[in-house]
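# Descriptive structure summary
Now for the letters of each chain:
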Amino acid sequence: MSTSLSAIRNALSAARSQTYTSARSMPRDFYTSAEFLDLEKSSLFAMEWNCIGRVEEIPNPGDYMAFQLCDEPLLATRGNDAQIRVMSNVCRHRGTLLASASGNSQHIVCPYHHWSYELDGKLARAPRMEEHTDFDMSSCRLPEFKSEIWLGFIFVSLNPDAKPLSPQLQQLEGLIGNYHMEEMQARFVGDEVWTTNWKCFVENFMEGYHLSPLHKATLHPVNPTRLCTHYPPSDVHFGYHAGFSPDLPRSTKGHPDLQDHEVDNCVMFSIPPGLVSGCAGDYSSFICVQPESVDRVRLKMGLLFYGDHWTQETIDHAVELFHRTNAEDKEVLARMTKGLKSKSHQVGALSSSNFEGPLLDFYKYLDRKLSPVLGA
């Protein structure tokens with residue numbers, strides 16, 4: 001094992017016995033090692049459940065959206081039976097990518113030789129292939145991958161043996177069930193690439209320690225650090241509560257099931273490796289995370305709104321706040337990325353459980369998933 005992986009293995013092993021009052025951050029190789037990133041892609045992103053977006057992005061029969069998970073080009077479609085499927089986006093003829101971006105079509109047509117596929121992946125037409133003696137068109141179809149819909153989120157796994165996701169999220173549903181995210185609508189979705197390691201991004205989204213100092217004019221008036229409280233993780237999720245300032249007028253209660261204490265709270269949660277979300281009564285945020293390199297991460301960002309009473313002006317205001325907050329995070333994470341390359345970098349003590357406790361939860365999750373391949 002390389003020196004880099006050995007250092008990471010030892011740090012993750014140490015995190016197992018750490019408490020929230022003794023927790024420490026990770027060494028720089030944890031964020032800068034290309035070898036470790038390869039292992040994360042093969043043992044995490046290629047094996048676990050990954051969120052790729054929302055059902056509202058493909059609401060109608062014939063809708064599709066293309067994306068990439070690790071190095072696998074995929075295509076999510078909504079069939080004429082209203083079912084969402086996730087399939088390979090690679091033509092079965094000679095390997096051309098079938099679709100790009102998103103759109104609507106009754107057939108997925110390869111741009112190269114016009115082989116076309118039904119929305120369920122079955123080959124519909126293969127021009128001029130009639131004379132081939134060893135080609136059975138009826139048995140040719142796009143490979144389909146495991147997928148699940150959970151509270152309106154679309155999840156996919158490249159692992160054919162992946163255990164069903166929804167039963168594993170019952171504890172989290174106990175926290176956010178009354179918000180009814182499955183009834184929310186995505187009114188904004190955008191894609192960005194940030195200059196940071198994917199784990200730095202997840203850590204930043206999942207700790208409230210920075211809300212007041214970094215976001216003094218944006219999030220501090222809404223969710224100040226002092227109102228953050230940690231909640232117990234499960235094997236497949238972790239997070240914290242970000243309380244709303246009592247000085248902030250709440251514009252809407254959200255779903256009628258919400259209790260008063262839920263109206264005044266935003267549940268920040270992560271379903272690792274690739275989903276982080278802030279769940280609130282009126283509107284919520286979500287970000288799908290995909291690493292591209294040790295210091296580049298691709299993000300799909302969205303805002304979900306409950307109810308149909310929202311004016312475009314209020315939606316635009318929420319999107320503007322989201323962009324301003326993300327811009328502050330993006331800048332500081334780029335600075336961190338440069339700092340992590342320094343030979344002077346060293347691990348540091350983490351703040352209390354209410355402020356940085358989710359980071360230790362994240363480290364312990366990674367230890368559980370990666371220790372078998374790291375030999376720890």
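Structural notes, computed from the coordinates. (Residues numbered from 1 in each chain as written. Predicted model: local features only at pLDDT ≥ 70, side-chain atom pairs only at ≥ 80, totals over all residues. Heavy atoms only, no water.)

### Examining the overall build of the protein
Looking only at helices and strands, one finds nine helices and 17 strands in the protein. Whereas a compact globule of 376 residues would reach a radius of gyration of roughly 21 Å, the protein reaches 22 Å, a difference of no more than 12%. Across its three principal directions, the C-alpha atoms of the protein cover 70 × 55 × 35 Å. Among the 376 residues that make up the protein, the fraction classed as buried is 53%. In the protein, once contacts between residues fewer than 6 apart in sequence are set aside, the share between residues at least 24 apart is 64%. Looking at the protein as shown, the accessible area adds up to about 17,000 Å², and 50% of this sits on carbon and sulfur atoms. When the 34 positive and 46 negative side-chain charges of the protein are each reduced to one mean point, those points stand 6 Å apart. (Helix = DSSP H or I, 4+ residues; strand = E, 2+ residues; numbered from the N terminus. Rg over C-alpha atoms; globule rule 2.2 N^0.38 Å. Buried < 20%, exposed > 50% of the residue type's maximum accessible area, 1.4 Å probe, protein only. Contact = heavy atoms within 4.5 Å. Areas by Shrake-Rupley, 256 points an atom, 1.4 Å probe, with all protein chains shown as cover. Lys, Arg positive; Asp, Glu negative; His and termini not counted. Charge placed at Lys NZ, Arg CZ, Asp CG, Glu CD.)

### A short note on the pattern of salt bridges
Under the counting rule described, the total for this entry stands at ten salt bridges. Residue Lys369 is joined to Glu48 by a salt bridge in which the shortest nitrogen-to-oxygen separation is 3.4 Å. Taken as a pair, Lys369 in helix H9 (residues 353-374) and Glu48 in the loop between helix H3 (34-45) and strand E1 (50-54) lie far apart in primary sequence, 321 residues in all. A relative accessible area of 29% places Lys369 in the partly exposed class. Via salt bridges that share partners, Glu292, Arg296 and Arg298 belong to a single interconnected network. (Salt bridge = Lys/Arg side-chain N within 4 Å of Asp/Glu carboxyl O.)

### Examining the packing of aromatic side chains
Under the counting rule described, the total for this entry stands at 18 aromatic pairs. Seen in terms of ring centroids, Trp150 and Phe153 are 6.3 Å apart; in terms of plane orientation they differ by 25 degrees. Their pairing is stacked. Connected via pairs of aromatic rings, a cluster forms that spans Trp150, Phe153, Phe155, Phe269 and Phe286. Directly above the ring of Phe30 sits Lys199, whose terminal nitrogen or CZ lies 4.8 Å from the centroid. (Phe/Tyr/Trp six-rings, centres within 6.5 Å; stacked < 30°, edge-to-face > 60°. Lys NZ or Arg CZ within 6 Å of the ring centre and 35° of its normal.)

### Regarding a negative patch on the surface
On the surface, Glu173, Glu182, Glu183 and Asp257 cluster together into a negatively charged patch. Along the chain, Glu173 turns up in helix H4 (residues 170-176). (Patch = residues over 30% accessible without salt bridge, like charges linked within 9 Å, V, L, I, M, F, W, Y side chains within 5 Å.)

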